[in-house]
Amino acid sequence: MRNLILSAALVTASLFGMTAQAADVPLEAGKTYVELSNPVPVSVPGKIEVVELFWYGCPHCYAFEPTINPWAEKLPSDVNFKRIPAMFGGPWDAHGQLFLTLEAMGVEHKVHNAVFEAIQKQGKRLTKPEEMADFVATQGVDKDKFVATFNSFAIQGQIKQAKELAQKYGVQGVPTLIVNGKYRFDLGSTGGPEQTLNVADQLIAKERAAK
């Protein structure tokens, strides 16, 4: 967040601890999660949406990656997972525009981890378009196409939409998850990465049952 000759009591206690760890996190509105007073429409009608708001410059988001990625890959077909960059100005906006550009080009899934590694482990800033273009080129992304997409009117529209969504969700920090445009929670409110996804699973089930 043991030794074969130990007493039966200690073994029992150990087994109980494992059971407790696997138990669901209690869903407490206003504590474990916040229910939004004004639900936000989902991007794919008919599917339960899970949104992760993140920032490439956030070490907590980077640390969350090994936990959330395999979870997202195994989500059932009635759940739509999407990432939205939190854009609060300065490098947040630059990195958010980088993400949206890679996503629009259809290469985000191939470059996402490399961008995180470059910023979090290699000390790269990646806040200037030319620096971004040079870096993504090392990942097999067409440099000229990247620059054109980065500066496009379509990306400007997506930036505006991402900022509006973060405001509607009431997001003040990252990583933050939103389930079905109704429930907001994070690692702090739930107790950690695994607990956060446990809460997400429970809220997904809650929304599925309400259909």
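Reading the values: the criteria
Residues numbered from 1 in each chain as written. Predicted model: local features only at pLDDT ≥ 70, side-chain atom pairs only at ≥ 80, totals over all residues. Heavy atoms only, no water. pLDDT = per-residue confidence, 0-100. Contact = heavy atoms within 4.5 Å. Helix = DSSP H or I, 4+ residues; strand = E, 2+ residues; numbered from the N terminus. Buried < 20%, exposed > 50% of the residue type's maximum accessible area, 1.4 Å probe, protein only. Pairing = 2+ DSSP bridges. Right-handed = clockwise from strand over helix to strand, strands pointing away. Polar contact = N/O pair within 3.5 Å; in protein donor to acceptor, adjacent residues only side chain to side chain.

This paragraph deals with the confidence of the model for the protein. The share of residues in the protein with pLDDT of 70 or more is 90%, and the mean pLDDT across the chain is 91. Within the model, pLDDT remains below 50 along residues 1-21, and this stretch shows 6 contacts once partners closer than five positions in the same chain are excluded.

Glancing now at the environment of Gln158. Structurally, the position occupied by Gln158 is in helix H7 (residues 153-169). A C-alpha to C-alpha distance of 7.3 Å links Gln158 and Leu100, two positions 58 residues apart in sequence. Residues contacting Gln158, with those up to four places away along its chain left out, are Leu100 and Ala104.

Here we take up the pairing of strand S3 (residues 79-85). Of all 7 residues that make up S3, 5 are buried, and the element is covered over most of its length. Examined bridge by bridge, strand S2 (residues 48-54) and S3 share 7 bridges and lie parallel to one another. Looking across to S3, one finds that Glu52 is bridged to Arg83. You can see the chain leave S2, run along helix H2 (residues 59-73) and come back into S3, and the turn it takes is right-handed.

To continue, consider the environment of Arg184. In this structure, Arg184 sits in strand S5 (residues 183-186). C-alpha separation for the pair Arg184 and Tyr169, spaced 15 residues apart in sequence, amounts to 7.2 Å. When neighbours within four sequence positions are excluded, Arg184 is seen to be in contact with Tyr33, Val34, Leu36, Tyr169, Gly170, Val171, Thr176, Leu177 and Ile178. At 2.7 Å, the side chain of Arg184 forms a polar contact with the backbone oxygen of Tyr169.

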